[in-house]
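Residue-level structure breakdown
Residue-level listing of the chains:
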Amino acid sequence: MRIQIKSKKPDSDEQVLTNIWKKQEPRIDLLKKFPILDKFVKSRYFQNLLILPSLIVFYMILIAGFFGTPVGNKNIAIVFTWILWWFLLIAILVPFASRIWCAMCPLPFFGELAQRLTFFRVREGKTGPLKNKMFGLNRKWPRFLKNIWVQNISFLALCTFSAVLVTRPFVTAMVLGSMIILGILFALVYRLRVFCSYICPVSGFLSLYSMTSTLEVRSRSTDECKKCKSKSCITGNEKGYGCPWFIYMGKHERNNYCGLCMECVKSCPNDNIALNLRPFASETKIKSFDEAWKGFIMLGLAMAYSIILLGTNGQIKDWANALETGMWTGFLKYSGILWSSSLLLLPAVFLGFSFLSKLISGNKEVSVKEVFLNYSYVIVPLGLLSWIAFSLPLIFVNGSYIISVISDPMGWGWDLFGTAGFHWQPLLPEYLVYIQIILLTTGLYFAMTRAKTISERLFNTRKQAIRSLIPISLFSLIVCFAFLRFFVG
Ligand code: SF4
Ligand code: SF4
Ligand code: SF4
């Protein structure tokens with residue numbers, strides 16, 4: 001049902017909100033539709049079966065990183081991590097399966113194992129509010145750190161050194177190895193998946209972009225949750241562990257912090273958990289500034305990488321690659337530009353557009369802060385589709401390295417499957433730019449249509465809502481054209 005906002009007589013806030021809540025996006029409950037899937041996710045083998053293949057590949061990556069050839073495009077550590085995994089993650093898993101990567105990620109595996117001391121069993125018992133026996137110190141994470149600022153900064157820091165990270169197998173292995181050790185240490189000291197929720201640098205953008213995903217885990221009926229005495233989805237019971245991300249399903253309405261582990265499906269005694277298929281970009285609520293800044297950081301990085309890797313300015317490339325060029329003063333300038341444009345410049349520009357939006361709307365009750373925070377959602381679809389467009393050449397141009405490296409993962413001259421001699425050849429290079437244009441305009445479409453939904457939530461009347469959209473649409477258009485310029489030239 002479409003929202004009806006009358007232009008002559010202003011609706012009350014309550015009426016507009018009622019209209020919005022009536023607008024129920026369609027959902028398909030996959031667990032009801034496919035009983036075999038329901039059975040699979042309720043099995044205690046579910047997550048371990050997902051993790052096992054990625055754990056094997058992860059160990060190959062570590063071994064290849066530490067002992068294999070230092071030539072990036074001949075080493076599985078670089079080719080699998082920064083070409084295959086990155087592309088699958090950003091272009092397929094996140095948009096279509098939310099944070100399913102977090103269900104199969106090997107990094108928190110040993111930490112979680114240390115907390116549970118079992119692969120498959122569920123331990124009953126009592127650990128703080130949980131009804132599962134958990135090992136380790138189980139400390140609470142400090143309240144002031146319950147946000148994604150640490151993830152924002154650590155991600156930006158990692159990306160500053162990306163020229164080294166994505167070309168040197170040893171550095172990639174060091175970073176991944178350190179993350180697994182940190183995952184264990186945090187799991188031994190703090191309760192549940194604190195490392196994933198608040199530390200992991202990858203988690204921040206997974207959290208933000210999973211809002212667009214076509215998959216969600218939700219309670220089938222929040223009324224059932226209100227009546228439910230056990231709240232086993234968060235506390236756990238003999239059938240499943242309490243949510244490792246500490247989510248209470250009765251109030252769960254955003255994908256951001258759900259790792260799709262499916263423990264709640266097992267532990268809910270009322271069979272009240274759905275795995276829903278839903279339209280793309282259904283969630284439109286950015287709740288805090290740390291989330292909004294994550295969006296700006298991602299957008300800033302996508303722009304910076306597009307300029308560095310696709311542009312013709314060789315000097316910036318040399319600055320970014322200071323380890324090889326020795327241009328450390330240039331590297332400091334490059335880092336300064338990267339950090340200030342992501343953390344200050346882009347948010348400041350968006351603040352200007354938000355200020356204009358409020359001014360033009362003519363609404364006196366909505367603050368600039370609300371306009372900024374709510375409309376900052378537009379950089380989620382814009383950013384995600386820009387990243388997909390940016391990452392496309394990785395697989396189209398460098399994808400053939402995957403075929404050769406499968407046969408010779410360490411670069412030691414093996415030929416396990418007879419493909420080691422496969423020559424580099426780009427895939428459909430003549431169509432690449434057209435696909436990128438389609439992706440960018442799709443991002444723009446979702447940014448603008450979702451901005452409309454947000455305007456209806458934010459403003460009382462159709463007139464105010466439409467006026468407020470003008471500066472935000474202009475901002476989205478400018479971002480889209482900037483990326484078009486980077487990609488198309
Ligand atoms: S948050 Fe990070 S470490 Fe945790 S499961 Fe997801 S990707 Fe892996
Ligand atoms: S255990 Fe099930 S019914 Fe109870 S609160 Fe959680 S999801 Fe709702
Ligand atoms: S909400 Fe359910 S699926 Fe999501 S992380 Fe918590 S227990 Fe896992």
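Residues numbered from 1 in each chain as written. Chains lettered and ligands numbered in written order. Predicted model: local features only at pLDDT ≥ 70, side-chain atom pairs only at ≥ 80, totals over all residues.

1. Description of the overall build of the protein
Rule in force here: Think of it this way: any DSSP run of H or I at least four residues long counts as a helix, any run of E at least two long counts as a strand, and we number them from the N terminus. To get the radius of gyration, use the C-alpha atoms; to get the globule rule, take the number of residues to the power 0.38 and multiply by 2.2 Å. Residue burial is a threshold on neighbouring C-beta atoms within 10 Å of the residue's own C-beta, all placed from the backbone, with 20 or more meaning buried, 12 or fewer meaning exposed, and counts in between meaning partly exposed.
A count of helical and extended segments in the protein gives 24 helices and 5 strands. Whereas a compact globule of 489 residues would reach a radius of gyration of roughly 23 Å, the protein reaches 24 Å, a difference of no more than 12%. Across its three principal directions, the C-alpha atoms of the protein cover 75 × 60 × 40 Å. Among the 489 residues that make up the protein, the fraction classed as buried is 43%.

2. Topic: the confidence of the model for the protein
Regions with low pLDDT should not have their predicted coordinates read in detail. Rules: The predictor attaches a confidence to each residue, and that confidence, scored 0 to 100, is pLDDT. Note on contacts: each residue gets a C-beta atom placed from the backbone, and two residues are in contact if those atoms are within 7 Å.
Per-residue confidence for the protein gives a mean pLDDT of 92, with 94% of residues at or over 70. Within the protein, the element-level pLDDT minimum falls on helix H1 (residues 13-22), averaging 42, and the maximum on helix H2 (residues 30-33), averaging 98. Of the regions scoring below 50 in pLDDT, residues 1-22 engages in 27 contacts with residues more than four places distant in sequence or in other chains.

3. Digging into the sheet that holds strand S5 (residues 273-277)
The strands making up a sheet are joined through hydrogen bonds of the backbone, oriented either antiparallel or parallel. Counted only if it meets this: Pairing between two strands requires that DSSP report at least two bridges joining them.
Pairing within the open sheet is antiparallel, and its 3 strands lie in the order S1-S5-S4. Two strands lie at the open edges of the sheet, namely strand S1 (28-29) and strand S4 (215-219), each paired on one side alone. Where S4 meets S5, 5 bridges bridge the pair, whose relative direction is antiparallel. Looking at the pairing, Val 217 lines up with Leu 275 of S5.

4. Some thoughts on the packing of helix H4 (residues 46-67) against helix H5 (residues 76-97)
For clarity, the threshold we go by: Note on geometry: axes are C-alpha line fits, over the in-contact stretch for helices, and angles between N-to-C directions span 0 to 180 degrees. In these notes the angle categories are as follows: under 35 degrees is roughly parallel, over 145 is roughly antiparallel, 65 to 115 is roughly perpendicular, and the rest is oblique. Side-chain classes are defined by residue name, with Ala, Val, Leu, Ile, Met, Phe, Trp, Tyr, Cys and Pro counting as nonpolar, Asp, Glu, Lys and Arg as charged, and the others, Gly among them, as polar.
For the pair H4 and H5, interaxial distance at closest approach is 8 Å and the crossing angle is 130 degrees. When the interaxial angle is binned, H4 and H5 end up oblique. Across from Val 57, Met 60, Ile 61, Ala 64 and Gly 65 in H4, the residues of H5 making contact are Ile 76, Ala 77, Phe 80 and Thr 81. Residues of the contact of H4 with H5, tallied by class, amount to 7 nonpolar, 2 polar and no charged.

5. A few points about the site of ligand 2
Which entries qualify depends on this criterion: Here, nearness means that the C-beta atom of a residue, built from backbone geometry, sits within 6 Å of the molecule or strand in question.
The environment of ligand 2 is made up of 14 residues, and the closest members are Cys 225, Cys 228, Cys 233, Met 249 and Cys 268. Elements with a contribution of two residues or more to the shell around ligand 2: helix H13 (222-227) and helix H14 (232-235). Grouping the constituent residues of the shell around ligand 2 by class yields 6 nonpolar, 6 polar and 2 charged.

6. Considerations on unusual backbone geometry
If you check the backbone angles, Leu 192 has positive phi at about 55 degrees while not being a glycine. Take Leu 192: it is sitting in the loop between helix H10 (169-189) and helix H11 (194-199). By C-beta crowding, Leu 192 is classed as buried, having 25 other C-beta atoms within 10 Å.

7. Examining the site of ligand 1
Surrounding ligand 1, one finds Trp 101, Cys 102, Cys 105, Leu 107, Pro 108, Cys 196, Cys 200, Val 202, Ser 203 and Gly 259. Contributions of two or more residues to the shell around ligand 1 are made by helix H6 (100-104) and helix H12 (201-209). Taken together, the residues that form the shell around ligand 1 break down as 8 nonpolar, 2 polar and no charged.

8. Re helix H19 (residues 328-361)
What counts here: Expected span of a helix: the number of residues minus one, times 1.5 Å. At any given residue, the bend is defined as the angle formed between two axes, one fitted to the seven residues that end at that position and one fitted to the seven that begin there.
With 34 residues, H19 ought to run about 50 Å at 1.5 Å a step, and its terminal C-alpha atoms sit 48 Å apart, in line with that. The largest bend in H19 amounts to roughly 50 degrees and is located at Ser 341.

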